[in-house]
Amino acid sequence: MFEKVIVCNTLDNKRYIQILSTLGVDNDNFKYKGISTEKINLLIENDIIFMDPRTINCIREEYSSALSRFIEHNFAIYFKMMRKRKIPHSEIVSVLAMPIDDEQKIALLDNVDEPISIKGKSLSETIRHHILKNNLDDSDMSSLFINYDMESTEIQEIIFDYSKKHIVDSKTALGKASFSLQIKLFSDPTITIDQKVDLFI
């Protein structure tokens, strides 16, 4: 009965939830295909489907547009389940945009090895700092060089250290960098005269 109802996209929404609610939560390997986006969202909001590894894999594969909603609605369970598991890149990016505390985001980031871009994302200073230290996306550096003056002291140090280590590879980008970053590089005694000449002349 449950299987027949849950895939019935033509049922009135109110009636759909009423029937499924009387049948109980599906705790046995959610595997249903062909459910409409509207109905999937109803199932999530009304706690008809249960968050577990098999269910989230089905949502990832069959209902990706509802994945963020499913995670955020069940975040406490998701956090316990995924804290020690590898999280897909697109999924952690989505989680970072959710209104959850930074401590939990960092705990989940600890399982992510891939680079994560911070460009164009609304992230707290704490999360930006953590990502730049642990999941740096090299493609972000050009804009960080340019916007160096707008960053916090801690992030400026990360930018400066990166620019020193990659001064040859970053020559073009550093030529467009903030003037104060250029001056700091030019004044650094650990950078050779030849490197400075090659960079600025």
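Residues numbered from 1 in each chain as written. Predicted model: local features only at pLDDT ≥ 70, side-chain atom pairs only at ≥ 80, totals over all residues. Heavy atoms only, no water.

1. Comments concerning the pattern of salt bridges
In total, this model carries ten salt bridges according to the counting rule given. One salt bridge connects arginine 60 with glutamate 91, and the closest N-O pair in it is separated by 2.7 Å. On the criterion of sequence distance, the pair formed by arginine 60 in helix α4 (residues 53-62) and glutamate 91 in helix α7 (residues 89-96) is long-range, its members being 31 residues apart. On the accessibility criterion, glutamate 91 (2% relative accessible area) is buried. Several salt bridges share partner residues, and in doing so they unite Lys86, Asp113 and Glu114 into one network. (Salt bridge = Lys/Arg side-chain N within 4 Å of Asp/Glu carboxyl O. Helix = DSSP H or I, 4+ residues; strand = E, 2+ residues; numbered from the N terminus. Buried < 20%, exposed > 50% of the residue type's maximum accessible area, 1.4 Å probe, protein only.)

2. Concerning the side chain of threonine 55
Examined against the element boundaries, threonine 55 turns out to sit in helix α4. Not counting residues within four places of it along the chain, the set of residues in contact with threonine 55 comprises Phe30, Phe50 and Phe70. (Contact = heavy atoms within 4.5 Å.)

3. Details of unusual backbone geometry
Positive phi values are uncommon outside glycine, yet aspartate 47 reaches one of about 55°. Along the chain, the position of aspartate 47 falls in the loop between α3 (37-45) and α4. Look at aspartate 47 and you get partly exposed, because its relative accessible area is 39%.

4. Some details on the packing of α7 against helix α8 (residues 102-109)
Remark: α7 packs on α8, axes separated minimally by 10 Å, with the N-to-C direction vectors making an angle of 170°. On the basis of the axis angle, α7 is roughly antiparallel to α8. Facing Ile92, Val95 and Leu96 of α7, the residues of α8 in contact are Lys105, Leu108 and Leu109. Across the contact of α7 with α8, the residue classes tally to five nonpolar, no polar and one charged. (Axes fitted to C-alpha atoms, helices over the stretch in contact; angles between N-to-C directions. Parallel < 35°, antiparallel > 145°, perpendicular 65-115°, else oblique. Nonpolar A, V, L, I, M, F, W, Y, C, P; charged D, E, K, R; others polar.)

5. A look at the environment of glutamate 114
Position of glutamate 114 among the secondary structure elements: in the loop between α8 and α9 (125-134). The class for glutamate 114 is partly exposed, based on a relative accessible area of 26%. Distance in space between the C-alpha atoms of glutamate 114 and asparagine 57 is 20 Å, their sequence separation being 57 residues. Ignoring anything within four residues of it in the chain, the contact list for glutamate 114 reads Lys86, His89 and Asn135.

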